[in-house]
Amino acid sequence: MLITGAGGQLGTALREEFPDAVALTRAEWDVALPAPASLKPPDVVLHAAAWTDVDGAEDDPQGAAAVNVGGTANVAELGAPLVYFSSDYVFDGHKHEPYVESDGPNPISAYGRSKLHGEAAAGDGSWIVRSSWLFGPTGHNFVRTMLRLGAERDEVSVVDDQHGSPTYVGHLASATRELLERPPGIWHVTAEGDCTWAEFAAAIFAEAGLDCRVRTITTAELGRPAPRPAFSVLRSEKDAPALPHWREGLRACLDRLA
Ligand SMILES: NC(=O)c1ccc[n+]([C@@H]2O[C@H](COP(=O)([O-])OP(=O)(O)OC[C@H]3O[C@@H](n4cnc5c(N)ncnc54)[C@H](OP(=O)(O)O)[C@@H]3O)[C@@H](O)[C@H]2O)c1
């Protein structure tokens, strides 16, 4: 088994779940380039390497595509079955009930488009695992940002008009093991339950015992360069592995950080 992007937050969780896998960080394989000649052909690849800077992709869509599409094609070139981690951002967010696997994607950002084209580059016979709002004890994520801000400030302003399912990378890594026993195809794999970013921030402060207020703002007020789907809750209409509720994932993450 080979893990790409092994230094990222999901890559780190996958390394823990699959300790015998060959795990390559970006320094060991920049997937925008062909695979290192020394790499032995794997039986299966967990492809966690990606351009994940959503706002940065608006400025440099070609850079994002080089990694998320071209990089995925390079990984597919290895000829092994591939688990490609995709995103809720392949949807436009106009639906008012959870997106299922058969819903048509319609990305509204350069990042979302690169992730969707990456799904195609992964090829038939791949597991396309769409997840959302990932967080874990390492790397850049909302939980770690809120813990830092909550310790420094009395109040933070957080968006309250985007809905999603915050998913703990440890739970997604365990579900990946279960998924390998299912047939390839598109799978929606996220935590149970959903919330807004503001609700998530309030839960983080409550669980961490931080005395910090959440002031709710709109996405328009925040004014980020990349548009985000307003509603990107994913559910499976297939027998995808069930994950614990996002609040349980939050507690598991905080336990790890403690
Ligand atoms: N984060 C989310 O909320 C979210 C939601 C849904 C789906 N996903 C998907 O889940 C997967 C894992 O995301 P994540 O949250 O773990 O992201 P992450 O923490 O940013 O990890 C991505 C990793 O890929 C590496 N990388 C970037 N460009 C690379 C390249 N050219 N070659 C090799 N490695 C490269 C990064 O290295 P550097 O740090 O050195 O750049 C980083 O270690 C991605 O496919 C992402 O699109 C993420």
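Coordinates for the structure precede this section.
Residues numbered from 1 in each chain as written. Predicted model: local features only at pLDDT ≥ 70, side-chain atom pairs only at ≥ 80, totals over all residues. Heavy atoms only, no water.

**Some details on the pattern of salt bridges**
Here the structure, examined in full by the defined rule, presents 11 salt bridges. Close ionic contact of Glu 155 with Arg 215 constitutes a salt bridge, the shortest N to O distance being 3.9 Å. Here the residue Glu 155 occupies a position in strand β7 (residues 155–159), and Arg 215 occupies one in strand β12 (residues 213–217), the gap between them amounting to 60 residues. By relative accessible area, Glu 155 is classed as partly exposed at 33%. Relative accessible area serves as the criterion here: at 41%, Arg 215 is assigned to the partly exposed category. For Arg 247, the salt bridge goes to Glu 207, with nearest N and O atoms at 3.0 Å. You can see Arg 247 sitting in helix α9 (residues 246–257) and its partner Glu 207 sitting in helix α7 (residues 197–208), a full 40 residues away along the chain. By relative accessible area, Glu 207 is classed as partly exposed at 27%. Linked through salt bridges whose partners overlap, the residues forming this network are Asp 55, Arg 224 and Arg 228. (Salt bridge = Lys/Arg side-chain N within 4 Å of Asp/Glu carboxyl O. Helix = DSSP H or I, 4+ residues; strand = E, 2+ residues; numbered from the N terminus. Buried < 20%, exposed > 50% of the residue type's maximum accessible area, 1.4 Å probe, protein only.)

**Digging into helix α5 (residues 142–152)**
Listed as buried for α5 are Phe 142, Val 143, Met 146, Leu 147, Leu 149 and Gly 150. Looking at the packing, one finds that the buried side of α5 touches β6 (134–135), β7, α7 and α9. (Contact = heavy atoms within 4.5 Å.)

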